[in-house]
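# Summary of the model geometry
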Amino acid sequence: MTKVNVGVCGLGRIGVKHCRCLAQDREHYALTALCDLDGARVAAMQAELGGRGYDDLDAFLADPGTELVILATRSLDHARHAGQALAAGKTVLLEKPIGVTAEDYRILQQLVRRYPGRLFFGHNHRFEPAFENARAFVAQGLIGNLHVIKLRKHHAFMRRNDWQMRLDCGGGQLSVWGPHLLDQGLQLLGAPVREVQSHLRRILTPGDADDHVHITLVGANDRIAIIEISNAAALPEAYCTLYGDRGALSYGQDQKTIRLKFLDPRFRWPEAAAEAGTPALTQGMAADRELPWIEETRTVEPATSLWDQVEIEMARHLYNALRRNLPFPVSSADALEVVRITEIVKQQNPRFPWIG
Ligand SMILES: NC(=O)c1ccc[n+]([C@@H]2O[C@H](COP(=O)([O-])OP(=O)(O)OC[C@H]3O[C@@H](n4cnc5c(N)ncnc54)[C@H](O)[C@@H]3O)[C@@H](O)[C@H]2O)c1
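Note that the structure is a prediction, hence the values are computed from the model and not measured.

Criteria and cut-off values
Residues numbered from 1 in each chain as written. Predicted model: local features only at pLDDT ≥ 70, side-chain atom pairs only at ≥ 80, totals over all residues. Helix = DSSP H or I, 4+ residues; strand = E, 2+ residues; numbered from the N terminus. Buried ≥ 20, exposed ≤ 12 C-beta atoms within 10 Å, placed from the backbone. Contact = placed C-beta atoms within 7 Å. Near = placed C-beta within 6 Å. Pairing = 2+ DSSP bridges. Axes fitted to C-alpha atoms, helices over the stretch in contact; angles between N-to-C directions. Domains from an automatic or database assignment. Core = buried A, V, L, I, M, F, W, Y, C linked by C-beta atoms within 7 Å. Parallel < 35°, antiparallel > 145°, perpendicular 65-115°, else oblique. Left-handed = near helix turned anticlockwise from the far one by under 90°. Nonpolar A, V, L, I, M, F, W, Y, C, P; charged D, E, K, R; others polar. Expected span 1.5 Å × (residues − 1). Arc of directions from axis to C-beta.

## Remarks on the overall build of the protein chain
Scanning the protein chain from terminus to terminus reveals 10 helices and 14 strands. C-alpha extents for the protein chain along the principal axes are approximately 80 × 50 × 35 Å. A burial count over the protein chain gives 39% of its 356 residues as buried. For the protein chain, long-range pairs separated by at least 24 residues make up 71% of all intrachain contacts whose partners lie at least 6 apart in sequence.

## Notes on the site of the ligand
In the vicinity of the ligand there are 24 residues, among which Gly-10, Gly-12, Arg-13, Ile-14 and Ser-75 approach most closely. Considering each element in turn, the shell around the ligand owes the most residues, 3 residues, to helix H1 (residues 13-24).

## Some remarks on the sheet that holds strand E8 (residues 193-201)
Strand order in the open sheet formed by 8 strands is E8-E9-E10-E7-E11-E12-E13-E14, with mixed pairing between adjacent strands. Two strands lie at the open edges of the sheet, namely E8 and strand E14 (293-299), each paired on one side alone. Across the sheet, the mean angle separating the axes of adjacent strands is 10° when strand polarity is ignored. Examined bridge by bridge, strand E7 (residues 146-154) and strand E11 (residues 240-244) share 5 bridges and lie antiparallel to one another. From the neighbouring strand, Leu-146 faces E11, where its bridge partner is Gly-244. Against the sheet, helix H10 (residues 332-348) engages E8 and strand E9 (212-219), with an angle of about 50° to E8.

## Re the domain arrangement of the protein chain
Splitting the protein chain by domain gives domain 1 (4-122) and domain 2 (129-304). Computed over C-alpha atoms only, the centres of domain 1 and domain 2 are separated by 33 Å.

## Points about the nonpolar core
Ranked by size, the top nonpolar core spans 80 residues in total, and within it Leu-71 and Val-92 carry the most contacts. Of all the elements, helix H9 (residues 306-323) adds the most residues to this core, at 6 residues. In this structure, this core is formed jointly by two domains, domain 1 (4-122) and domain 2 (129-304), each of which donates at least three residues. Apart from residues lying up to four places away in sequence, Val-92 is in contact with Val-69, Leu-71, Ala-82, Ala-85, Leu-86, Arg-118, Leu-119 and Phe-120.

## Section: the packing of helix H5 (residues 102-114) against H10
Close contact between H5 and H10 brings their axes to 10 Å; oriented N to C, the two are set at 165°. By the angle between their directions, the pair H5 and H10 is classed as roughly antiparallel. As for the relative orientation of H5 and H10, their crossing is left-handed in sense. Counting all contacts with H5, which are made through Ala-102, Tyr-105, Leu-108, Gln-109 and Val-112, the residues of H10 involved are Ser-332, Leu-336, Val-339, Arg-340 and Glu-343. For the contact of H5 with H10, the residue count by class is 6 nonpolar, 2 polar and 2 charged.

## Side note on H9
Helix length check: H9 (18 residues) gives 25 Å between terminal C-alpha atoms against 26 Å at 1.5 Å per residue, within 8%. If you check which residues of H9 are buried, you get Val-310, Glu-311, Met-314, Ala-315, Leu-318, Tyr-319 and Leu-322. Relative to the axis of H9, the buried residues are bounded by an arc of 165° and lie together on one face. Lining the buried residues of H9 we find strand E1 (4-9), H1, strand E2 (29-35), strand E4 (68-71), strand E5 (91-95) and strand E6 (119-122). Of the residues flanking the end of H9, it is Asn-325, one or two places downstream, whose phi is positive at about 60°.

## Observations regarding the sheet that holds strand E3 (residues 52-54)
Taken in spatial order, the 6 strands line up as E3-E2-E1-E4-E5-E6 in an open sheet, and their pairing is parallel. Every interior strand has two partners, whereas the edge strands, E3 and E6, have only one. Here the average twist between neighbouring strands, direction ignored, is 25°. As paired strands, E4 and E5 are joined by 4 bridges and run parallel to one another.

Put into structure tokens, the structure is as follows:
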């Protein structure tokens, strides 16, 4: 099967990571073109990995030697740059946040309709090993039917001060980590969203954007997903905690091990009824005292860096989509739903002067 000739536009913190990951995967990809407004960044990447260099998006998109372009420019440009790249005949992997404004949302809906199969969305934290492992445990039925999902990205206590903390640059944690946790939350919710409640705050950042995000989603199946992203949680809590009707699982911010506590799969609840009468003074509250719990701590597999693994998995799935006609796990509908929820959250938090 032929390699995918890929170009990367935006050679910042994440763009460089994409370049290095793709360049290592020589069997499937050839990194043919690099683009950044900053010529020094282009020259440095070319010296390291080769490829043709551009400091202008239009010239980069006119390069006939690239089939796929990865757009890792600033957030507010994403939807518009995706439109330009698709119109130039490229297949596109668009970084998150795929859209920041209501206008972006409208553009993306149009692009998905107009260019079927050519626009992919980089919600790469779908591929976090711990998240995938946890989903597999849930699918095995170990903790029973889920009823509560808690996802928390608690950063080190920090006064983040770059453009991603300014609303006029499309920043704020709703844009920065929101897409990842909303994507994971929606997958675990497993049903259309019936209700959204949210509270956004600016606690520490010297920017004007949100650095504490709290969102509750309720699914049509009654599941509750609680999402919290914070730069101001000095005692970080678990990254993920799932409650089921036969147990629970949890993993920390380092995502290295998953703690499970679940009822022995052979156990069946004995018949019971709630009594209306006054209980004896000696009587406790629960009919079932001795439950057959199984408690385990499992190492997350593969035990590699989650930051590398999400890149490797995204590249693998993208190649499978482009050359083997397999579905990319993050569907357009999944990605657009994240933007739709984000728009609702913005409307619920008018104290922030959102653009668009
Ligand atoms: N998926 C992830 O895990 C992940 C991680 C980090 C960042 N991101 C997203 O990627 C985007 C970039 O983030 P970053 O932290 O790398 O930012 P950054 O500021 O470090 O890098 C952005 C780069 O894009 C270049 N650029 C801007 N406009 C351009 C244009 N029109 N043409 C060519 N180059 C242009 C800049 O010169 C800069 O080098 C953001 O939207 C961010 O949300 C995603």
